[in-house]
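Architecture and fold: a report
Letter by letter, the chains look like this.
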Amino acid sequence: MKLALIGYGKMGKTIEEIALQRRHEIVLKIDITNQEEFTAENLAKADAAIEFTGPHSAYENVKKALSFGVPLVCGSTGWLDKMEEIKKNVTEKNGAFLYASNFSIGVNIFFELNKKLAALMAPHPDYEIAIKEIHHTQKKDAPSGTAITLAEQILERNNSKKRWVNENSDNVEDLEIISERIDPAAGTHSIKYSSTVDDIEIIHTAHSRKGFALGAVLAAEFINGKKGFFSMKDVLNF
Ligand SMILES: NC(=O)c1ccc[n+]([C@@H]2O[C@H](COP(=O)([O-])OP(=O)(O)OC[C@H]3O[C@@H](n4cnc5c(N)ncnc54)[C@H](O)[C@@H]3O)[C@@H](O)[C@H]2O)c1
């Protein structure tokens, strides 16, 4: 496949490495210094584009790439409030878009475990629930997109919690997400249910960015030739 990369930072470079290993070709790399190359004509050379820039630029980049008609995979976090608008945009334009707050196969399996555990724990409000996420200090958003997904999965299944908060809280209806920034953490997420008699904890630890990059390349392979709004659940057939 011919791929365009929008955002050539830590993730963009790792995606390039994995894409080349999988015998794809990178036909375009857009970063902050060559915005003028982000044109319909240049993107038309690619079978799919992969966007990993950041919370402040993702929405505009996604809108622009979709308006050019290129199938798009996006991994930028911290802009979920605009996702419904993008979903409508994809339908109206008959485009192809795949978003994941976390592209790692392991994390997507972890999401399924989290949902199952949340459903099992729902009738047991004696257990206090805490989510913790640890990332490197350059990460711009907190909590992580992955932690938000985990929290929303729990809120959908557990009536004792009403909302997630990104701080310590004395309100029993708050689901705490504690964010820590430590170098060189690639990403750890844990969910702990604690009671006076025992604790149950599930933890996912990423060892490098390569897991996210592989998932993003698999997503680009999946979206090639398709129309619609997709997630990693579609790629992994869950
Ligand atoms: N979904 C996932 O699996 C996953 C995994 C890791 C990181 N992320 C997210 O991906 C994003 C990027 O992460 P990173 O570690 O590569 O960050 P990074 O800071 O290393 O790279 C971001 C790159 O985007 C460029 N950029 C900024 N604005 C731009 C714009 N308007 N147009 C084009 N390029 C622009 C920057 O110059 C930089 O090179 C973050 O939001 C991060 O949280 C998601």
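Before reading on, note that the structure itself is shown above.
Structural notes, computed from the coordinates. (Residues numbered from 1 in each chain as written. Predicted model: local features only at pLDDT ≥ 70, side-chain atom pairs only at ≥ 80, totals over all residues. Heavy atoms only, no water.)

Let's shift gears to the sheet that holds strand β7 (residues 163-165). On the basis of which strands lie adjacent, the open sheet formed by 5 strands has the order β7-β8-β6-β9-β10 and mixed pairing. Every other strand in the sheet has two partners, leaving β7 and β10 (199-205) as the edge strands with one partner each. Each strand of the sheet is rotated relative to its neighbour by a mean of 20°, with strand direction disregarded. Both strand β9 (residues 188-194) and β10 contribute to a ladder of 7 bridges, which runs antiparallel. When the sheet's bridge partners are listed, Thr188 is paired in β10 with Thr205. Packed onto the sheet, helix α5 (residues 105-121) meets β9 and β10 and runs at close to 165° relative to β10. (Pairing = 2+ DSSP bridges. Helix = DSSP H or I, 4+ residues; strand = E, 2+ residues; numbered from the N terminus. Axes fitted to C-alpha atoms, helices over the stretch in contact; angles between N-to-C directions. Contact = heavy atoms within 4.5 Å.)

Attention now goes to helix α7 (residues 210-223). A rise of 1.5 Å per residue sets the reference length of α7, with its 14 residues, at 20 Å; its end C-alpha atoms lie 20 Å apart and thus fit the reference within 8%. The buried fraction of α7 amounts to 10 of the 14 residues, a majority that puts the element mostly inside the structure. Buried within α7 we find Phe212, Ala213, Gly215, Ala216, Val217, Leu218, Ala219, Ala220, Phe222 and Ile223. Downstream of α7 by one or two residues, Gly225 has phi in the positive range, about 85°. (Expected span 1.5 Å × (residues − 1). Buried < 20%, exposed > 50% of the residue type's maximum accessible area, 1.4 Å probe, protein only.)

With that settled, the discussion passes to the site of the ligand. Taken together, 25 residues lie around the ligand, and Lys10, Met11, Asp31, Thr77 and Phe103 are the ones closest in. In the environment of the ligand, an oxygen atom lies 3.5 Å from a nitrogen or oxygen atom belonging to the backbone of Gly9. Contact distances for the ligand include 2.9 Å between an oxygen atom and a backbone N or O atom of Lys10. Calculation on the ligand without its partners gives an accessible area of 860 Å², and the protein chains cover 82% of this total. Tallied by class, the residues present in the shell around the ligand amount to 8 nonpolar, 12 polar and 5 charged. (Near = heavy atom within 4 Å. Polar contact = N/O pair within 3.5 Å; in protein donor to acceptor, adjacent residues only side chain to side chain. Areas by Shrake-Rupley, 256 points an atom, 1.4 Å probe, with all protein chains shown as cover. Nonpolar A, V, L, I, M, F, W, Y, C, P; charged D, E, K, R; others polar.)

Further remarks concern the packing of aromatic side chains. In this structure the tally under the stated criterion is 5 aromatic pairs. For the ring pair Phe38 and Phe68, a centre distance of 6.1 Å and an interplane angle of 80° mean the geometry is edge-to-face. One end of the pair, Phe38, is in the loop between β2 (25-30) and α2 (40-43); the other, Phe68, is in the loop between α3 (58-67) and β4 (72-74), with 30 residues separating them in the sequence. Relative accessible area serves as the criterion here: at 3%, Phe38 is assigned to the buried category. When the centroid spacing of 5.8 Å and the interplanar angle of 85° are considered together, the rings of Trp79 and Tyr99 count as edge-to-face. With Trp79 in the loop between β4 and α4 (83-93) and Tyr99 in strand β5 (residues 96-99), this residue pair connects regions lying 20 residues apart in the sequence. We classify Trp79 as buried; its relative accessible area is 2%. If you follow Lys82 out to its NZ or CZ, it ends over the ring of Tyr59, 4.7 Å from the centre. Geometry around Phe222 places Lys226 over its ring, the cationic atom sitting 4.0 Å from the centre. (Phe/Tyr/Trp six-rings, centres within 6.5 Å; stacked < 30°, edge-to-face > 60°. Lys NZ or Arg CZ within 6 Å of the ring centre and 35° of its normal.)

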